[in-house]
Amino acid sequence: PGAGPAPAKKVEPPPEDDTKLREPRPPIVCVLGHVNHGKTTLLDAIRKTNVVAGEAGGITQHTGAYQIEHKDHKITFLDTPGHAAFSKMRERGANITDIAVLVVAADDGFMPQTEEALSFAQKAGVPVIVAINKMDAKGANLDRVKQAMQQHGITSEDWGGETLCEPVSALKGQNVDKLLDAILLQAEVLELKANPKCPAEGVVIDSQVEMGRGATATVIVEKGTLKPGDALVCGAHYCKVRAMVNDRGEPLKSVPPGTPARLLGWSGAPDAGAQFHTCKNDRAAKAEAEAAERELRQVSHAENVVERVADLNALLAAIKETKQKVFRCVIKGDVHGTVEALEACLMDIKSEKVQMEIVAADVGPVSPNDVIMASAAGAAVIAFNVKLENGVASTAKHKGVRVIQHDIIYELLNQVREAMAELLDPELRENKIGAAEVRQVFPLAKGFVAGCMVTEGRVTRAGHARILRKGATLYTGKVDTLKRFKDDASEVRAGFECGLHLGGFEDYQPGDIIESFEILQMKASL
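Cut-offs and rules
Residues numbered from 1 in each chain as written. Predicted model: local features only at pLDDT ≥ 70, side-chain atom pairs only at ≥ 80, totals over all residues. Heavy atoms only, no water. Salt bridge = Lys/Arg side-chain N within 4 Å of Asp/Glu carboxyl O. Helix = DSSP H or I, 4+ residues; strand = E, 2+ residues; numbered from the N terminus. Buried < 20%, exposed > 50% of the residue type's maximum accessible area, 1.4 Å probe, protein only. Pairing = 2+ DSSP bridges. Axes fitted to C-alpha atoms, helices over the stretch in contact; angles between N-to-C directions. Disulfide = S-S within 2.5 Å.

Okay, the pattern of salt bridges next. Where charged atoms from two side chains of opposite charge come close, those side chains can pair. For the structure on display, the rule yields 22 salt bridges. Where R328 meets E357, a salt bridge forms, and the shortest distance between an N and an O atom there is 3.3 Å. With a gap of 29 residues between them, R328 in strand β15 (residues 325-333) and E357 in strand β16 (residues 354-363) connect regions that are remote in the sequence. Between D507 and R469 there is a salt bridge, with its nearest N and O atoms 3.7 Å apart. One end of the pair, D507, is in the loop between β25 (497-502) and β26 (513-522); the other, R469, is in strand β21 (residues 464-469), with 38 residues separating them in the sequence. Residue classification places R469 among the buried positions, given a relative accessible area of 18%.

Given below as structure tokens:
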């Protein structure tokens, strides 16, 4: 009797990952390589636009994602920064990619970051295509690069290996289409497929807080199709998709797998590299995000309790360490990935004399609240590639908070190093300025005066001096009397005679040497 409704269960939709539902998707290509080997110029040549001109100091600051069309096939490119500071973002960039294009300059060959990028790709198990760039440069040597490839275990196809390798000139636009052909060839071998009809899931490439737009995030959809109005959750943040735009700012109606888009409508900037998924409506999304946030809070609260117990021991250790100088800072950056990379870079500044402590790190422009927080913590504000809100400069001046601002990461780190060095007490260094030899001793009302001949440099009144007898120091003090004949003198130079008295010393003997010196305050170094 209970068997009636049972057969209805059998008509389940096929599982999302059913191979029959999968359709071909565009390859996601990550461009890696050493700084200044021409990654961005190559991407420009591919996009036929100019991105390089807008970069500060020639460093790609953001992980961008672009899609192009070549021979009726779409290819998605991740533009990841090449500077060492961004290796963390690069690692993320390499984890969602299908193919890595390793850019090597023909005139430079393999460099440390080239090897680092190659090891990222190999760890992630991503096939590598080598683009040998700058073929138009003086000193370009194709064979040397291919030899280096062989040494690194990625032998070029024409040398009997497996690796596709294409000599290009990004500046002149030579052979760029051949490189794209190689990418499509490699993608064909990989047979990349995804199900476009299930709820959308994907990865956040980067996020930022934009003036007038609120929190936005660049994402790549891994499966399913995103549409405006979808409700998404990414960790403790949720999003009702208000709008979706491509890298050129044009609105998109739908985003299928393997496609990048910038989404508007987030509750806050989600973490770069975090996964997002779709919820049935924005109420459910909000509830899930809040639950995730509560969980995070509980975890951090539990950690705090453990920390408090450890705090007693830490307090005793801290009393010992009060001599240690600490440089505290509040970090503000334009996008999530950069903030993390900057944190990593700052923690890498090694110094035994000054400790680095990061009080807070966030995305968005510097607000007066950041300055107030920095003031309470005795910290400096470090702003990377962001503007200051109205009133920040005056609040900072009033509170005595230092704001270090720059849009080139090298410069910013140098300024932080200088600020850390300024915390140190100046180093005192002695500088000998002259010497005099005692020739005769004259009695004076309450003691004795040494009649001297200045033999080198100069002796100054109120200057530091020490008395040496047979090379041993008898006394160090200040010159309180210095006379030429009967007159007081402020200084006496080599070749002249003088009467000299050091405060608190009377036992002068002919043949003693009186050495005058100054104490210089030198800026301490880390």
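Here the narrative resumes, following the displayed structure.
A separate point is the sheet that holds strand β5 (residues 99-105). Across the sheet, six strands lie side by side as β3-β4-β2-β5-β6-β7; this open sheet has mixed pairing. Edge positions in the open sheet fall to β3 (64-70) and β7 (164-167), since each of these has one partner strand only. Sheet twist, expressed as the average angle between the axes of neighbouring strands with direction ignored, equals 25°. In the sheet, β3 pairs with strand β4 (residues 73-79) via seven bridges, with the strands oriented antiparallel. Each bridged residue has a counterpart across the sheet, and for A65 the counterpart in β4 is L78.

Each disulfide consists of one covalent bond between the sulfur atoms belonging to two cysteines. One pass over the structure, following the stated rule, counts zero disulfides. Left without a disulfide partner, C452 is nearest to the cysteine sulfur of C498, which lies 5.1 Å away.

Further remarks concern the pairing of strand β14 (residues 275-279). Bridge count between strand β9 (residues 201-210) and β14: three bridges; the pairing is antiparallel. If you follow E201 over to β14, its bridge partner there is H277. Bridge count between strand β11 (residues 231-234) and β14: three bridges; the pairing is antiparallel. Bridge pairing in β14 places V233 opposite H277.

On their own, these measurements won't tell you what the molecule is for.
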